[in-house]
Amino acid sequence: MKNLLKYLGNYKKEAVIGPLFKMLEAAFELLVPVVMARIIDVGIRNQDRPYIWRMCFLLIFFGVLGLCCSLTAQYFAAKAALGFSAELRSDLYRHINRFSYHELDRAGTAALVTRMTSDVNQVQNGVNLMLRLFLRSPFIVVGAVFMAFTISRKLTLIFIAAILLLSLVIFLIVRTTLPIYRRVQQILDTVVRRVRENYVGARVVRAFSRQQDEKKEFEETTGLLKKTQLLAGRISAMMNPLTYALVNGAIIWILLLGGGQVYSGSVTQGEMTALVNYMMQILLALVALANLIVTVTRALASAVRVNDVFAMEVTMTDEGNTVQKEKENSPRVAFKQVTFAYDHAKEPSLSDISFEAWPGETIGIIGGTGSGKTTLVSLISRFYDCQEGRVEVDGRDVRQYPFRQLRRKVAMVPQKAVLFAGTIRQNLMCGKEDATTEEMEKALKTAQALDFVREKPEGLDTAVAPGGKNFSGGQRQRLTIARALTADAPILILDDSSSALDFATDAALRRELRENTQGKTVFLVSQRVAAVQSADRILVLDDGHLAGQGSHSELLADCPVYREICLSQLSREEVTAYEQ
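Residues numbered from 1 in each chain as written. Predicted model: local features only at pLDDT ≥ 70, side-chain atom pairs only at ≥ 80, totals over all residues. Heavy atoms only, no water.

Before going further, it helps to spend a moment on helix α9 (residues 239-264). Each α-helix winds once per 3.6 residues, and so residues spaced three or four apart point in a common direction. Taking 1.5 Å of rise per residue, the 26 residues of α9 would be expected to cover 38 Å, and the 37 Å separating its terminal C-alpha atoms lies within 8% of that figure. Its maximal kink placed at Gly-258, α9 deviates by approximately 30°. Regarding α9, the residues found buried are Met-239, Thr-243, Val-247, Ala-250, Ile-251, Ile-254, Gly-258 and Gln-261. Immediately beyond the C-terminal end of α9, within one or two residues, lies Gly-265, with a positive phi of roughly 90°. (Helix = DSSP H or I, 4+ residues; strand = E, 2+ residues; numbered from the N terminus. Expected span 1.5 Å × (residues − 1). Bend = angle between axes of the 7 residues up to and from the residue. Buried < 20%, exposed > 50% of the residue type's maximum accessible area, 1.4 Å probe, protein only.)

Encoded structure:
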């Protein structure tokens, strides 16, 4: 929690004013038993009605002042807590956005979402209550003991004993519940992950009639969450009964011992009433402190989880990198003995890969599932860093570029078509913020998407649902291709981006791409031979190794792996025709 308090830096004034006014409220509250004692010992004893009325008005005055102080404290504490959470969440978001795919893969989406939402909210609640009650409750306790000491030193010992016992109870309960609340947040990660998986994979779940199985697993997870929360709740619930029992026992002792002092005249009846009131104030203050500690305990558990994200070192940065100039007569992309392995992988995903891609050249990449095709193109945009060798763009190592400059050179269409909530126009402008309508329509035409966009009443301003759920799979793919084309980057990567298209649309798309990507370096990643056979050069990957590179006819003659792929998709007559 200490590491996160820096986010209160811009709210120091509010963080001071809030507790200050709470202490003022507590001060007025501590004066109430004194006034009550005066009413009994002076007003009632002397039957002085005017004096009683004056004291009653004084009580009302203290109450109004206390209310004003309380409202002021609530306002400034809430402002500080909300500002704290806003800055914390923004910084956490920025930190996560700096993560490379290594960190994102390791942390997991569900865990990051939980930390960004639930955990930050828990920390915010803890800060809010801390500002309101952390100083007020101890001030009430210490103030009540001091006021009791001015009345009777002997009876004050009961106050001290009660406070020590109450503190022990609170300490034991907090120590027991803290690890349980941490466990609750971990289970909540699992719940979020299951919800996300079922939402994203709803069609798969229904297609295989897995609804009941998924429901059972979800109920088991939520049942464990409920069981863990109930355990923490039962332990926390013991706090109030135990504190009330201890305080009521202390009041009984005060009445028993104080009765004799009243009889002897060393303590007045009004002072005895004040002592009981002070003990009740201590009770309420400690109950509030106990509830505060429960909330802060949960906040601390969440703060640890948030700090875990901040503690994750960003393994791939562009700090210190300056804008790079292109080297003349250099290939657009060059891989030089590149070897790459994912975290904790037993074998490299790519081994000793070397090739060059020049401006205006179309490179096809083909291979079986898991052969490393997507991994290879991910290295161009520096989503990952290779362990050995180097990847160059325009003659410069990609690790020398600022991320923004490098990724402005690359327009990528991922395997899974991703659209954002908004409009078609806003999605197309992701790669080029100042794109004109003509540029977007040209990109849509090349991507074979212009016709169905024009059929929409709103055209480019047609709303896009989250994830593009209001479009078919083929339409989403064509829109993501159009988005990449709108960016007009010198390197275009199409990572199996036409898998949902029919053969006629796919053929028309390839034809349009050849005509409208002159001068660009295009990477076509596919498992279809038909999609890559017309490429200037084809890279054949086999289990992370470069099994061959060349034109379609050259590879048929010299690369057994490519020939096997062709025979699995084309007729023997087609393969033989190329060989001849």
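What follows continues from the structure just given.
The next subject is the environment of Met-147. Of note, Met-147 is situated in helix α5 (residues 136-151). Taking the C-alpha atoms as reference points, Met-147 and Leu-492, separated by 345 residues in sequence, lie 78 Å from one another. Beyond its immediate stretch of four places on either side in the chain, Met-147 contacts Leu-30, Val-34 and Tyr-278. (Contact = heavy atoms within 4.5 Å.)

Below, the discussion takes up the packing of helix α1 (residues 12-44) against helix α2 (residues 49-97). In contact at an axis separation of 8 Å, α1 and α2 are set at 165° when each is read in the N-to-C sense. When the axes of α1 and α2 are compared, the pair comes out roughly antiparallel. As for the relative orientation of α1 and α2, their crossing is left-handed in sense. (Axes fitted to C-alpha atoms, helices over the stretch in contact; angles between N-to-C directions. Parallel < 35°, antiparallel > 145°, perpendicular 65-115°, else oblique. Left-handed = near helix turned anticlockwise from the far one by under 90°.)

Our focus in this paragraph is the pattern of salt bridges. Enumeration according to the criterion identifies 24 salt bridges in this entry. Asp-385 is the salt-bridge partner of Arg-382, the closest N and O atoms lying 2.8 Å from each other. Its relative accessible area of 4% is what places Arg-382 among the buried residues. Relative accessible area serves as the criterion here: at 18%, Asp-385 is assigned to the buried category. Between Arg-399 and Asp-397 there is a salt bridge, with the nearest N and O atoms lying 3.1 Å from each other. Taking the relative accessible area as the measure of exposure, Arg-399 reaches 29% and is therefore partly exposed. The structure contains a network of salt bridges with shared partners spanning Lys-336, Arg-390, Glu-392, Asp-397 and Arg-399. (Salt bridge = Lys/Arg side-chain N within 4 Å of Asp/Glu carboxyl O.)

Let us look at the sheet that holds strand β9 (residues 491-495). Pairing is mixed in the open sheet, where six strands are placed in the order β6-β9-β10-β3-β11-β12. Each having just a single partner strand, β6 (410-413) and β12 (545-550) make up the two edges of the open sheet. Along the sheet, successive strands turn relative to each other by an average axial angle of 15°, direction set aside. Taken together, the four bridges between strand β3 (residues 362-367) and strand β10 (residues 521-525) define a ladder with parallel strand orientation. Across the sheet, the residue bridging to Thr-362 is Val-522, located in β10. Packing against the sheet, helix α11 (residues 373-380) makes contact with β3, β6, β9, β10 and β11 (537-542), and its axis sits at approximately 145° to β3. (Pairing = 2+ DSSP bridges.)

Counting residues in hydrophobic clusters, the biggest one holds 44 residues, and the most contacted among them are Ile-366, Ile-424, Leu-444, Leu-479, Leu-492, Ile-538 and Tyr-562. In terms of residue count, helix α16 (residues 473-487) provides more of this core than any other element does, five residues in total. Among all residues touching Leu-479, those that are not within four sequence positions of it are Leu-419, Ile-424, Leu-428, Leu-444, Ala-449, Phe-452, Val-453 and Phe-471. Residues Ala-26, Val-247, Ala-250 and Ala-274 belong to the second largest nonpolar core, which totals 36 residues. (Core = buried A, V, L, I, M, F, W, Y, C linked by side-chain atoms within 4.5 Å.)

The next point concerns the confidence of the model for the protein. Per-residue pLDDT for the protein averages 85, and the proportion of residues at 70 or more is 98%. No element of the protein has a lower mean pLDDT than helix α21 (residues 572-579), at 59, and none a higher one than strand β1 (residues 333-340), at 94. (pLDDT = per-residue confidence, 0-100.)

Looking now at the environment of Ser-354. Positionally, Ser-354 belongs in strand β2 (residues 350-357). As for Ser-354 and Thr-109, which are separated by 245 residues in sequence, their C-alpha atoms are 33 Å apart. Excluding residues within four positions of it along the chain, Ser-354 makes contact with Phe-335, Lys-336, Gln-337, Leu-546 and Gln-549. A polar atom in the side chain of Ser-354 sits 2.7 Å from the backbone nitrogen of Gln-337. (Polar contact = N/O pair within 3.5 Å; in protein donor to acceptor, adjacent residues only side chain to side chain.)

Looking now at the packing of aromatic side chains. All told, the structure shown has twelve aromatic pairs when counted by the stated rule. Relative to Tyr-384, the ring of Phe-340 has its centre 5.3 Å away and its plane inclined at 55°; by these criteria the two rings are tilted. You can see Phe-340 sitting in strand β1 and its partner Tyr-384 sitting in the loop between α11 and β4 (388-393), a full 44 residues away along the chain. We classify Phe-340 as buried; its relative accessible area is 0%. On the numbers, 5.2 Å between centres and 90° between planes, the contact of Tyr-342 with Tyr-384 is edge-to-face. With Tyr-342 in the loop between β1 and β2 and Tyr-384 in the loop between α11 and β4, this pair connects stretches of sequence that are 42 residues apart. (Phe/Tyr/Trp six-rings, centres within 6.5 Å; stacked < 30°, edge-to-face > 60°.)

Here we come to the packing of α2 against helix α4 (residues 109-133). Two numbers describe how α2 lies on α4: the axes approach to 9 Å, and their chain directions differ by 155°. On the basis of their axis angle, the class for α2 and α4 is roughly antiparallel. Between α2 and α4 the crossing geometry is right-handed. Of the residues that constitute the contact of α2 with α4, the class distribution is 16 nonpolar, six polar and three charged. (Nonpolar A, V, L, I, M, F, W, Y, C, P; charged D, E, K, R; others polar.)

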